[in-house]
Amino acid sequence: AKQVQIINNAKVPDSTPWFPRTLTDLDPITKKASKIGEGLASDSPGANDAAYCARRAEITKNADTYKTGRPIPFVNYSRVEIETWAVIYNKLTKIVSKFLKSRTGFTLRPIKGIVPSRYFLNGLAFRVFHATQYIRHHTKPLYSNEPDICHELLGHAPLFADPDFADLSQEIGLASLGASYRDMKRLTAIYWFTVEFGLCRQGDQIRAYGGGLLSSFGELEYCLSDKPEIRPFEPAKVAQQKFPFSEYQPVYFVTESFKDAKMRVREFTKSLSRPFSVRYNANTESIEILDSK
Ligand code: TIH
Ligand code: FE2
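Residues numbered from 1 in each chain as written. Chains lettered and ligands numbered in written order. Predicted model: local features only at pLDDT ≥ 70, side-chain atom pairs only at ≥ 80, totals over all residues. Heavy atoms only, no water.

Attention shifts here to the site of ligand 1. As a matter of local geometry, ligand 1 sits amid 13 residues, with R136, Y143, S144, S215 and S216 nearest to it. Contacts to ligand 1 include R136, whose side-chain N or O atom sits 2.8 Å from an oxygen atom. Between ligand 1 and S144 there is a distance of 2.8 Å, counted from an oxygen atom to a backbone nitrogen or oxygen. Coverage of ligand 1 by the protein chains reaches 99% of its 310 Å² of free accessible surface. Across the shell around ligand 1, the residue classes tally to four nonpolar, six polar and three charged. (Near = heavy atom within 4 Å. Polar contact = N/O pair within 3.5 Å; in protein donor to acceptor, adjacent residues only side chain to side chain. Areas by Shrake-Rupley, 256 points an atom, 1.4 Å probe, with all protein chains shown as cover. Nonpolar A, V, L, I, M, F, W, Y, C, P; charged D, E, K, R; others polar.)

Given below as structure tokens:
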């Protein structure tokens, strides 16, 4: 019989080491992993712990038999394993604030729960983000109607490492200092539809960047479906938009970029009624009042 070879790729030189061409080519790679025990250096803390080696062998069996396309095997982690995770997790959460500070000057600061938006936004003027530490109830992981540690760390924290996003946030914060009651309402809406529930264009795609979306698997899926209404980010309009607090948002606003949002918000805040302007002096960590306008 004649063999037919279909070549849909440019040829590579014969001397080229093997490499996978399709996803299923990845299947044999697991055989290349060292066998349990062999790979553990004699000074590895687990090497002389028979129970640990056995447990590891039990878990790694999953990888040995795994084939492309199958669901990831479920591992029922033990109490000790979960506690190990907790040690790492707790350490990580401690350095989050330090990392953010080195990127943009933002820091996290613990707060008991929801505070009136004036105080919350005021913090942003100092590049301080007030974050809760308690965790949502385990029966409803995909949506919480109040902030919790998952929301702060998975939703908000990563964004504060972006300089334009950090500027945008501080811009809202500065405008909130001494703002009138009416302007406060406007700024809260601007905050809500950017930092909390913002969408952003990226190429021909729309992506979610608001912390309230990134920490809620349920709303994240919903916001990118055809169910909600999506409007362009125009601060004067955003400022008037009403919104529910404890359910999926019916309306979202999409911005062109963080820089664009920052410029637009900066323009918008000039229209507010405050008779003075302010700036944050990072050297003295204090607010300076500028000439009344
Ligand atoms: N809905 C968010 C979540 O599930 O993570 C939490 C909230 C953000 C804003 C208000 S409630
Ligand atoms: Fe939030």
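Structure's up, so let's keep going.
A cluster of nonpolar residues, W18, L23, L26 and I29, forms a patch on the protein surface that exposes about 440 Å² of accessible area. Note that I29 resides in the segment before helix 1 (50-65). Residue I29 is classed as partly exposed on the basis of its relative accessible area of 39%. (Patch = residues over 30% accessible without salt bridge, like charges linked within 9 Å, V, L, I, M, F, W, Y side chains within 5 Å. Salt bridge = Lys/Arg side-chain N within 4 Å of Asp/Glu carboxyl O. Helix = DSSP H or I, 4+ residues; strand = E, 2+ residues; numbered from the N terminus. Buried < 20%, exposed > 50% of the residue type's maximum accessible area, 1.4 Å probe, protein only.)

We now examine helix 1. An ideal rise of 1.5 Å per residue puts 22 Å on 16 residues; helix 1 measures up with 23 Å between its terminal C-alpha atoms. Along its length, helix 1 reaches its greatest deviation from straightness, about 25°, at I59. The residue sitting at the N-terminus of helix 1 and contributing the capping side-chain oxygen is D49; that oxygen lies 3.1 Å from the backbone nitrogen of A51. (Expected span 1.5 Å × (residues − 1). Bend = angle between axes of the 7 residues up to and from the residue.)

This paragraph deals with the sheet that holds strand 4 (residues 205-208). With mixed pairing, the four strands of this open sheet are ordered in space as 4-3-6-5. The open sheet has two edge strands, strand 4 and strand 5 (229-232), and neither has a second partner. Across the sheet, the axes of successive neighbouring strands diverge by a mean angle of 35°, strand direction being ignored. Note: strand 3 (residues 199-202) against strand 4, four bridges, orientation antiparallel. Bridge pairing links L199 to A208 in strand 4. (Pairing = 2+ DSSP bridges. Axes fitted to C-alpha atoms, helices over the stretch in contact; angles between N-to-C directions.)

Keep in mind these numbers describe shape, not what the thing actually does.
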